[in-house]
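# Inside the fold
What follows is each chain in one-letter form.
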Amino acid sequence: FVTGSISGCLATCCIQPVDMVKVRIQLGAAEGGSTSPVTIAKTMLKDEGMAAFYKGLSAGLTRQVVYTGARLGLYDQFTIMAKGEDKSLSFAKVTVCALSAG
């Protein structure tokens, strides 16, 4: 659970700036504004500073802790329960564990 949550949080921190530019592109398209990623990123940096790229980060981190942590934690538990006496898993069992965990 912990390692899954940490990995999800690190991934979110890396992708958050790109995701924020994507959201601004979508808003620009809906409102008839600019849809150029470079123009939007420059405007964000100039008008709002570096912190603009990380707005909404707390929501993304919360989602990762709950969703990714639970998903990877459940996968580990399901594989432990599915192992037979020889401690190996068939492809079918691994697939069922992965699908069940999400």
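Please refer to the structure higher up on the page.
Just so you know, these numbers come straight off a predicted model, no measurement behind them.

Rules of the game
- Residues numbered from 1 in each chain as written.
- Predicted model: local features only at pLDDT ≥ 70, side-chain atom pairs only at ≥ 80, totals over all residues.
- Heavy atoms only, no water.
- Helix = DSSP H or I, 4+ residues; strand = E, 2+ residues; numbered from the N terminus.
- Rg over C-alpha atoms; globule rule 2.2 N^0.38 Å.
- Buried < 20%, exposed > 50% of the residue type's maximum accessible area, 1.4 Å probe, protein only.
- Salt bridge = Lys/Arg side-chain N within 4 Å of Asp/Glu carboxyl O.

## Description of the overall build of the protein chain
- Across its full length, the protein chain carries four helices and zero strands.
- If you list the helices and strands of the protein chain from N to C, you get α-α-α-α.
- Here the C-alpha atoms of the protein chain give a radius of gyration of 20 Å, more than 25% beyond the 13 Å that 2.2 N^0.38 yields for 102 residues.
- Projected onto its principal axes, the C-alpha positions of the protein chain cover 60 × 25 × 15 Å.
- Out of the 102 residues in the protein chain, the part that is buried amounts to 23%.

## So, the pattern of salt bridges
- By the definition in use, this model includes three salt bridges.
- With a shortest N-O distance of 3.2 Å, Asp19 and Lys22 are connected by a salt bridge. Here Asp19 pairs with Lys22, and both are found in helix α1 (residues 2-31), just three residues apart, close to one helical turn.
- On the basis of relative accessible area, Asp19 is assigned to the partly exposed category, the value being 31%.

Interpretation note: all reported values are geometric properties and have no functional meaning in isolation.
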